[in-house]
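Results of the structural survey
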Amino acid sequence: MSGAMAFLLRLVSRSAAGREIVRTSRIETDRLDIGRDPASHVRLSDLAAALHHATIERTSPGQLSVTAGEGLYVELDGRKKVRSGTIELPAGGDIRIGSHLLRVMPAAIGAEEVAIVMEKVPVGEADRRPDADRLFSLSAVMPGKRKTAWIGALAVLALFLAWPVWSYYQQRQDREAARFHADSMWTPGALSTAHAGLEKDCQACHVKPFEAVRDDSCTACHTQVHDHAEPFRLARAQPDLGTRGRVELAFKETFGIPPGRCVECHVEHEGAQKMPVTAQRFCSDCHADLKAKLPDTKLPDAGDFGTAHPQFRPAVLTDWRGDRPVIRRVSLDAEPREDSGLKFPHAMHLSTTNGVAQMARRLGRDYGFGQALDCKDCHDPTPDGVRFQPVTMEEDCAMCHSLAFDRVDGTVRTLRHGAPGQVVADLRDFYRARAPSPPATLGGMSRRRPGDVPQAQARGRFASGTIAPGRAERAIRAVFSPGGACFDCHGVDAPPRGSLAFGIRPVAFPLRYMHKGWFDHKAHETQSCSSCHAAGRSNSATDLLLPDLKSCRTCHGGESSATEVPSGCAMCHDYHMDEGAPAMLVRQRVRGKKKDTNVASIGARN
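Residues numbered from 1 in each chain as written. Predicted model: local features only at pLDDT ≥ 70, side-chain atom pairs only at ≥ 80, totals over all residues. Heavy atoms only, no water.

A closer look at the side chain of Ser340
- By the secondary structure assignment, Ser340 is in the loop between strand 14 (324-329) and helix 10 (346-350).
- Within polar-contact distance, the side chain of Ser340 engages the backbone nitrogen of Leu342 at 3.3 Å.
- Here Ser340 is in contact with Trp320, Pro506, Val507, Ala508 and Phe509, once residues within four sequence places are set aside. (Helix = DSSP H or I, 4+ residues; strand = E, 2+ residues; numbered from the N terminus. Polar contact = N/O pair within 3.5 Å; in protein donor to acceptor, adjacent residues only side chain to side chain. Contact = heavy atoms within 4.5 Å.)

Right, here's the structure in full:
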């Protein structure tokens, strides 16, 4: 060799647009180190290259030697896995390491500069090199993909199927064993707060192993619920019931398989949280255009309380069939009248100036009345405040309307309310007991002489004035006639001729007017009674004092309305229950502790 040796390195790369970029550097050395080491003369950014992968060195004026590192190979002039070799300078040569190709350009023998052009081999070409793939991957020491997949699948089956099944049956044999139960791995999550007590009792719902939860498990505890509607009619009203759904439903109906299992709507294991309030859409999807889905339905369409809700149709006692009340659901638009059998003018009792008000002031010390009667003086709320207890004569009316008719040594005798026959008997007895003793001249021991005028006169006076059957009869008729204790409040049936068997027409009220809805008085206690019930203007017991839809809409609107009280369907309607407050209201009021509500059915009270 003669003179200083140098390598002229030309790095060829390409821009994003494909334009070729050449960077040239001159490296004065006789030995050119190649590898990923930043200190290498030629740095290869390729994991297929080792830190010190190969060395190029001039061994004679016309020859370069190429030597790979320990255990490494290069591709030299197309020959693979070459540990060392030579390149003749007049002919040049190619060296490929990983994805890089170093092309030694031909040079004259004894030339002081050797040009090397380096460029990256296309990725696809590099990937096809099996030696590079295996050299720097785990494939050389790991099982193949297929084998790994099979091993993984079997491991999953063993860990998450076979082990839990074995653990389940072991658990049934030894329930008290304090160890890890592998079947707990199947638990999809914590139960809701309502069912938190069942967290450790899976079999309360999952009665049979490997069987879905059945409705029987739910109704075992929820005994008061019932279907929202007949299951097949409900399924036919579903808004997303396509052709396939209708065919499936037809098959289920044919074979008597009811749709709509509990778990289809009530999804458990969603975490320890309260079940959210049912969105309005859950109801309006079907009810907004229910008549289009079920033309034979009697229910009107309802989609939003503020904009699409029918007028209230309470259950009203409109007529009597003998002693049986006839209840009909009548729209408030029809201004129904209530035939309760009672005579009661609310306006008279709520007046602040008439005789009733004066009586209230006189009795106020004993009964807590104010300057006049108020609604609360007669109507007592139920313990939960949701409804009002039935008004009774003994508890609510007798304070003012006394039925007393006699006093015996400080004890007041009263007519028996609700028993007209007993009233007749008591009055007869009252007047009979007050008959004086017959004069001595009429005694059994006196001797009677024909023509004894004074004695005959005494007998006549006693018979007409003391035995006096007419006085008792007049008193009885007065009680059942206008102005009498019974007549002013009740309808009275006249007795048969020659009899005093007066009849009192029965009285009944529907204690719940809205059977398909719910109204919570407790939630409205900030309002006065008169804000919803026009009792102060009612002069007849036939007035139905229920507020109508327009009245409620002054405060309530639909779920997304801007009214004072946005109200979804669930605020007034319960999906399953006919009795009891909607679950949402109960939860809001008692914070998760469900309370019973007093519910009474219609019935005669006399």
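Let's talk about the pairing of strand 9 (residues 84-88)
- Burial along strand 9 is one-sided: the face carrying Gly85 and Ile87 is buried and the face carrying Ser84, Thr86 and Glu88 is not.
- In this sheet, strand 9 lies alongside strand 6 (residues 63-68) in antiparallel orientation, the contact comprising five bridges. Paired with Leu64 across the strands is Ile87, a residue of strand 9. (Buried < 20%, exposed > 50% of the residue type's maximum accessible area, 1.4 Å probe, protein only. Pairing = 2+ DSSP bridges.)

Remarks on helix 8 (residues 280-287)
- Those residues of helix 8 that fall on the buried side of the exposure criterion are Gln280, Ser284 and Cys286. Looking straight down helix 8, one finds that the buried residues subtend no more than 165 degrees of arc, so they occupy a single side.
- Along its buried surface, helix 8 packs onto helix 9 (290-293). (Arc of directions from axis to C-beta.)

Re the nonpolar core
- If you look at the biggest cluster of nonpolar residues, it comprises 28 residues, and the most contacted ones within it are Ile56, Ile95 and Ile116.
- Sequence-distant contacts of Ile116, defined by excluding residues within four places in its chain, comprise Phe7, Leu8, Leu9, Arg10, Leu32, Ile56, Leu102, Arg103 and Val104.
- Of all hydrophobic cores here, the second largest spans 15 residues; its members include Leu403, Phe405, Phe430 and Phe480. (Core = buried A, V, L, I, M, F, W, Y, C linked by side-chain atoms within 4.5 Å.)

Examining the sheet that holds strand 3 (residues 31-35)
- The sheet built from five strands is open, its strands ordered 4-3-5-6-9 with mixed pairing. Since the sheet does not close on itself, it has two edges, and those belong to strand 4 (42-43) and strand 9, each with one partner.
- Pairing analysis gives two bridges linking strand 3 to strand 4, with the strands arranged parallel. Note on strand 4: the bridge partner recorded for Gly35 is Arg43.

Thoughts on the confidence of the model for the protein
- Chain-level statistics for the protein give a pLDDT mean of 82 and a share of 84% at 70 or above.
- Model confidence for the protein, summarised as mean pLDDT per element, is weakest for helix 17 (residues 583-590) at 49 and strongest for helix 16 (residues 549-552) at 95.
- Counted against residues more than four places away or in other chains, residues 441-447, with its pLDDT under 50, gives ten contacts.
- Scored below 50 in pLDDT, residues 587-606 makes 50 contacts in the model with residues more than four places away or belonging to other chains. (pLDDT = per-residue confidence, 0-100.)

Remarks on the layout of surface pockets
- Of the pockets and cavities examined, the second largest pocket occupies roughly 370 Å³.
- Together, 14 residues line the second largest pocket, and Ala534, Asp543, Leu544, Leu545 and Leu546 are the ones closest to its centre. (1 Å grid on protein atoms, 1.4 Å probe; cavity = no way out; pocket = protein on both sides within 12 Å on 5 of 7 lines; lining within 4 Å. Points joined across faces, edges and corners; volume = space filled by probe spheres on them.)

Focus on the environment of Ala49
- The topology assignment puts Ala49 in the loop between strand 4 and strand 5 (54-60).
- Residues Ala49 and Ile34, 15 residues apart in the sequence, show an inter-C-alpha distance of 8.8 Å.

A word on the pattern of salt bridges
- Inspection of every chain in the model, using the stated rule, returns 20 salt bridges.
- Of the charged contacts, one joins Arg26 and Glu113 as a salt bridge, the two residues approaching to 2.6 Å between their closest N and O atoms. A residue pair is termed long-range when its members are at least 10 positions apart, and Arg26 in strand 2 (residues 20-27) and Glu113 in strand 12 (residues 113-120) qualify at 87 residues.
- What makes Arg26 partly exposed here is its relative accessible area of 43%.
- By relative accessible area, Glu113 is classed as partly exposed at 36%.
- One salt bridge connects Asp493 with Arg505, and the closest N-O pair in it is separated by 2.9 Å. Placement of the pair is Asp493 in strand 17 (residues 492-493) and Arg505 in the loop between strand 18 (503-504) and helix 16, with a sequence separation of twelve residues.
- For Arg505, a relative accessible area of 43% puts it in the partly exposed group. (Salt bridge = Lys/Arg side-chain N within 4 Å of Asp/Glu carboxyl O.)

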